[in-house]
Amino acid sequence: MTEQPRAIDEMNPDGVARKVLFVAGAGRSGTSTLAGIVSRLGMHVPLPEVPPDDSNPRGFSEPQWVVDVHDEWLSEALVQVSDSRPSAWFDTGRICSREPARIRVSEWLEPHFAEHPELVVKDPRLSWFLGLWRVAAIRTGATPVFATMLRPPAEVVGSKQKYYANKLGSSHLAASWVNMLLHTERSTRPAEGDGGRVFVRYEDLLTDWVRTTTALGHALDLQTIIHTRSDQIREVHRFIDPTLRRVSSSLDDLALPKRLHELTGQTWEELNKLADEGGDTAEAHRTFDELRAEYVDLYEEAEAISRSSAEHVRLRARRRALAEAAEAPHSLADRLPHDVRAAIPPSVRRGVRKALGRERGSAGDGQ
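Our subject in this report is the structure included herewith.

Conventions and cut-offs
Residues numbered from 1 in each chain as written. Predicted model: local features only at pLDDT ≥ 70, side-chain atom pairs only at ≥ 80, totals over all residues. Heavy atoms only, no water. Patch = residues over 30% accessible without salt bridge, like charges linked within 9 Å, V, L, I, M, F, W, Y side chains within 5 Å. Areas by Shrake-Rupley, 256 points an atom, 1.4 Å probe, with all protein chains shown as cover. Salt bridge = Lys/Arg side-chain N within 4 Å of Asp/Glu carboxyl O. Lys, Arg positive; Asp, Glu negative; His and termini not counted. Charge placed at Lys NZ, Arg CZ, Asp CG, Glu CD. Helix = DSSP H or I, 4+ residues; strand = E, 2+ residues; numbered from the N terminus. Buried < 20%, exposed > 50% of the residue type's maximum accessible area, 1.4 Å probe, protein only. Contact = heavy atoms within 4.5 Å. Pairing = 2+ DSSP bridges. Axes fitted to C-alpha atoms, helices over the stretch in contact; angles between N-to-C directions. Left-handed = near helix turned anticlockwise from the far one by under 90°. Nonpolar A, V, L, I, M, F, W, Y, C, P; charged D, E, K, R; others polar. Core = buried A, V, L, I, M, F, W, Y, C linked by side-chain atoms within 4.5 Å.

**A short note on a negative patch on the surface**
So, point 1. On the surface, Glu294, Asp297, Glu300 and Glu303 cluster together into a negatively charged patch.
So, point 2. Here Glu300 shows up in helix 13 (residues 282–305).

This is the structure:
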């Protein structure tokens, strides 16, 4: 029997409706900054959080459980975090439609509302599973709302290459950005039970976080942000670092193939319009549908042309696996210390070598 949604949490004496803010977008686009701001203004990031590291010393503001479950599902679907294949959305979509996965997520969400009625869930992998999270949130009686971070694609690519030592190349990373953002736009369009969506420029957040976040709070009716306290505002001022934008480059710097360059630039131009008041229109949606179709055509064309390269990679991987398998018995024996091997009776050693295919006949055997 389906649980009926509860508009108000009985554990919430102020009667604030349950909401989950899903912060989506490509990695290195400012998602951690936005999640960090709203959490310091009082929204709750379910614990434990992913710990800070050198690539993000101020923290990621993302729940460890969310990262782990997304990694599990991406591994099962054979999808990369930055995957440029349009078909990858069908692979993750199959997981999103599974009832056990939806139950698993809603059961994880439920107890966190005891901490606060307004949660924030952020992870660069989130866009792959937005449909699942939308359903799970509604099942807990919460309204899902969405914020997608926008940062120039050249800066996203440069940041990934700088901090993640990414060896896949600028063209792959730019294509994966296009793939990610076009699908995220489609996945966050208004649906039954939703509470709205916003698009936030990373530059706007760093330049005037108060104005940008206040507009977000009112657009999504987030009571925690609308009624924030002065001490929380001061904490965010300490959190925001003007040097957070540590990578600055242009699309021309990436030296992309012509059609990919044009499509990436056009996608960025159209996304920017969504961040302006009144820019999220039905006409804009049709434009994004056309861009997605154009990207699918481009990818399928590139995939058809490069099939020999993919086959070459497959054959090299197979040859390497066979070579490693052939060397495995030798390396296993070689790892035994000499004194241990010497203590094994000769007849036993010969039997082992024969079983491993290493026994050679003597001259008297006609070999």
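Okay, back to it.
**Points about the environment of Thr264**
So, point 1. With respect to the secondary-structure elements, Thr264 resides in helix 12 (residues 258–274).
So, point 2. Since its relative accessible area comes to 0%, Thr264 is described here as buried.
So, point 3. C-alpha of Thr264 to C-alpha of Asn179: the two residues are 85 residues apart in sequence and 9.7 Å apart in space.
So, point 4. Thr264 has contacts with Pro153, Ala174, Trp177, Val178, Leu251 and Leu256, leaving out every residue within four places of it along the chain.

**Re the pairing of strand 3 (residues 143–150)**
So, point 1. Across the eight residues that make up strand 3, a large majority, seven, are buried.
So, point 2. Direction of pairing for strand 1 (residues 19–24) relative to strand 3: parallel, over a ladder of six bridges. Bridging from a neighbouring strand, Val20 pairs with Pro144 of strand 3.
So, point 3. In this structure, strand 3 lies alongside strand 4 (residues 197–201), joined through five bridges in parallel fashion. By the bridge assignment for strand 4, Ala147 is matched with Val198.

**Quick look at the packing of helix 7 (residues 170–187) against helix 12**
So, point 1. Helix 12 packs onto helix 7 with a crossing angle of 35° between their chain directions and a minimal axis gap of 10 Å. Relative to helix 12, the crossing made by helix 7 is left-handed. Note on element contacts: helix 12 touches helix 7 through Leu260, Leu263, Thr264, Thr267, Trp268, Leu271 and Leu274, opposite Ser171, Ala174, Ala175, Trp177, Val178, Leu181, Leu182 and Glu185.
So, point 2. Here the contact of helix 7 with helix 12 is built from residues that sort into eleven nonpolar, three polar and one charged.

**Some thoughts on the nonpolar core**
So, point 1. Core analysis: the biggest nonpolar cluster contains 56 residues, and Phe22, Trp73, Leu109, Trp128, Phe129 and Trp133 have the highest contact counts within it.
So, point 2. The element contributing the most residues to this core is helix 7, with eight residues.
So, point 3. If we skip the residues at most four places from it in the chain, Trp73 touches Ile95, Ala101, Arg104, Val105, Phe129 and Leu132.
So, point 4. Listed in part, the 26 residues of the second largest apolar core include Ala147, Leu216, Leu220 and Val236.

**Section: the pattern of salt bridges**
So, point 1. Under the criterion given, the structure shown has 25 salt bridges.
So, point 2. Between Glu72 and Arg104 there is a salt bridge; the shortest N-O distance is 3.0 Å. Here Arg104 lies in helix 4 (residues 99–109) and Glu72 lies in helix 2 (residues 64–77), a separation of 32 residues in the sequence.
So, point 3. A salt bridge links Glu301 to Arg259, with the shortest nitrogen-to-oxygen separation between them at 3.1 Å. Taken together, the positions of Glu301 in helix 13 and Arg259 in helix 12 put the pair 42 residues apart, joining distant regions of the chain.
So, point 4. A residue is classified by how much of its surface remains accessible, and Glu301, at 41% relative accessible area, is partly exposed.
So, point 5. Through salt bridges that share partners, Glu185, Arg189, Arg197, Asp280, Asp289 and Arg292 make up one connected network.

Any link to function would need more than the numbers given here.
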